[in-house]
Amino acid sequence: MNPIGIFGGTFDPIHYGHLRTAFELQQALRLAEVRFLPAGNPPHRQQPLADANLRLRMVRAATEDQRGFVVDDREVRKSGLSYSVETLAELRRENPQRSLCLIVGMDAFLSLPKWHQWQDLLQLSHLVVSHRPGWRAPASGILGELLVDHGTGRIADLHDSLAGRIFIHAVTQLEISSTELRLIIASHRDPRFLLPDSVRKIILDTGCYLEKTPQE
Ligand code: ATP
């Protein structure tokens, strides 16, 4: 059975940078599925502007046409903080014999040592790090050492073991961020062609992101 890709994010809103990355990794790594996990209440960043159910709706709309893209709403349904390590432990219990690949952008990877129980992550899954515009892989320090110990350039390693490797993969660089999209929408400019039309429609219909202050 091919590995499961796990793509967590705030997705506030989901955009083509996320979707293209997920698609290229699905193809290149021969992932059986890419599971999108919108965060409920993210511990390491500002509160999202769109509420969790609306972000979930946008992720569903964006992914419904792609075979192998699956939406997992467990973090949205959970009250309180959601930590990647806890979600991964749950997924590991549900898939004891399956390779799991946690997909993160290079920006997220560089903040890994701030994640809750980050040292346990590699016991639960592989880490697949996608290049993002403007970010480089660390050559020294704690993450540089982690890459020396766990890094691999072989896709087969992600299939042959269940967890424990770090694979860095260059994806098409699309300089799109949710932050920039929220600014575009808040200033009444059109986000068209930066995200799927179905997501744009939800944004226009609900008027989300028009307010600049976070909703409670
Ligand atoms: P924000 O601007 O609100 O911080 P974001 O655009 O970075 O949001 P997130 O939902 O925080 O989006 O990102 C989820 C994951 O997707 C992270 O691992 C992030 O690195 C990755 N990612 C986001 N944008 C891109 C992009 N343009 N190309 C590749 N990966 C991306």
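Scroll up to find the structure.
Quick caveat, the model's predicted, so the values are computed rather than measured.

Draft legend 1. Helix H1 (residues 16-28), seen in detail. Taking 1.5 Å per residue as the helical rise, H1 with its 13 residues ought to reach 18 Å, and the 18 Å between its terminal C-alpha atoms agrees with that figure. For H1, the complete set of buried residues consists of Gly17, His18, Leu19, Thr21, Ala22, Glu24, Leu25 and Gln26. Positive backbone phi, at 50 degrees, marks Arg30, one or two positions downstream of H1.

Draft legend 2. Highlighting the site of the ligand. Looking at the ligand, there are 21 residues lining it, with Gly105, Asp107, Leu174, Ser178 and Thr179 nearest. One of the backbone N or O atoms of Phe11 is found 2.9 Å from an oxygen atom in the ligand. The separation between a nitrogen atom of the ligand and a polar main-chain atom of Leu174 is 2.8 Å. For the shell around the ligand, the elements supplying multiple residues, two or more each, are strand E1 (4-9), H1, strand E4 (100-105), helix H5 (106-110) and helix H9 (178-186). Residue classes in the shell around the ligand are distributed as six nonpolar, 11 polar and four charged.

Draft legend 3. Summary view of the pairing of E1. Sheet topology note: the E1/strand E2 (residues 33-38) ladder contains six bridges and is parallel. The residue of E2 that forms the bridge with Ile4 is Glu33. Running through H1, the crossover from E1 to the neighbouring parallel element E2 is right-handed. Relative to E4, E1 runs parallel, the two sharing four bridges. In the sheet register, Ile4 faces E4, and the bridge partner there is Leu100.

Draft legend 4. Local environment of the pattern of salt bridges. Going through the model one piece at a time under the given rule, you end up with 15 salt bridges. As a salt-bridge pair, Arg182 and Asp12 come within 3.7 Å of each other at their nearest N and O atoms. Placement of Arg182 in helix H9 and of Asp12 in the loop between E1 and H1 is noted, with a sequence separation of 170 residues between them. Using a relative accessible area of 1% as the deciding quantity, one classes Asp12 as buried. Salt-bridge contacts for Asp73 lead to Arg77; the nearest nitrogen and oxygen are separated by 2.8 Å.

Draft legend 5. The arrangement of the sheet that holds strand E6 (residues 151-152) in detail. Taken in spatial order, the seven strands make up an open sheet running E3-E2-E1-E4-E5-E7-E6, and their pairing is parallel. With partners counted over all chains shown, the strands left at the sheet margins are strand E3 (69-71) and E6, one partner each. Where E6 and strand E7 (residues 166-169) come together, two bridges link them in parallel fashion. In the strand pairing of E7, Gly151 is matched with Ile166. Across the face of the sheet, helix H2 (residues 52-63) comes into contact with E2 and E3 while running at roughly 160 degrees to E3. Lying on the sheet, helix H4 (residues 84-94) is in contact with E1, E2 and E4; it crosses E4 at an angle near 155 degrees.

Draft legend 6. Molecular detail of H2. Along its 12 residues, H2 runs 16 Å from first to last C-alpha, staying within 8% of the 16 Å computed at 1.5 Å per residue. Of all 12 residues in H2, nine are buried; the element is thus mostly enclosed. Ala52, Leu54, Arg55, Leu56, Met58, Val59, Ala61, Ala62 and Thr63 are the residues of H2 that are buried. Between the side-chain oxygen at the start of H2 and the backbone nitrogen of Asn53 there is a gap of 2.9 Å, and the oxygen is on Asp51.

Draft legend 7. Molecular detail of the nonpolar core. In this structure, Ile14, Val34, Phe36, Met58, Val128, Ile203 and Tyr209 are the most contacted members of the largest nonpolar core, which totals 33 residues. Of all the secondary-structure elements, those providing two or more residues to this core are H1, E2, H2, E4, H9 and helix H10 (197-206). In terms of residue count, H2 provides more of this core than any other element does, five residues in total. When residues no more than four places from it in sequence are discounted, the contact partners of Val128 are Leu25, Leu29, Cys101, Leu102, Ile103, Val104, Leu158 and Phe167.

The rules behind these values
Here the residue numbering is sequential within each chain, running from 1 through the sequence in written order. Confidence filtering applies because this is a predicted model: local features only for residues at pLDDT of at least 70, side-chain atom pairs given and counted only at 80 or more, and all residues used for totals across whole chains, interfaces and linings. Hydrogen atoms and water are omitted, and side-chain values are computed over all heavy atoms in the structure. Numbered from the N terminus, helices here are DSSP runs of H or I no shorter than four residues, and strands are runs of E no shorter than two. Expected helix span is computed as 1.5 Å times (number of residues minus one). Burial here depends on accessible area, computed with a 1.4 Å probe over protein chains only, as a share of the maximum for the residue type. Under 20% is buried, over 50% is exposed, and the range in between is partly exposed. Put simply, a residue is near a molecule or strand once any heavy atom of it comes within 4 Å of that molecule or strand. Side-chain atoms alone can form a polar contact between residues adjacent in sequence; in general such a contact is a pair of N or O atoms within 3.5 Å, and within protein one must be able to donate a hydrogen while the other accepts it. Residues were grouped as follows: Ala, Val, Leu, Ile, Met, Phe, Trp, Tyr, Cys and Pro as nonpolar; Asp, Glu, Lys and Arg as charged; and all remaining residues, including Gly, as polar. Being paired, for any two strands, means DSSP has found at least two bridges between them. Crossover handedness is defined here as right-handed if the route from the first strand over the helix to the second strand goes clockwise, with the strands pointing away from the viewer. Just to be clear on terms, a salt bridge is a Lys or Arg side-chain nitrogen sitting within 4 Å of an Asp or Glu carboxyl oxygen. In this analysis, two residues are considered to be in contact whenever any of their non-hydrogen atoms come within 4.5 Å of each other. Simply put, an axis is a line fit to the C-alpha atoms, just over the touching stretch for a helix, and the angle between two N-to-C directions goes from 0 to 180 degrees. Among the buried residues, those of types Ala, Val, Leu, Ile, Met, Phe, Trp, Tyr and Cys that are joined through side-chain atoms within 4.5 Å form a nonpolar core.

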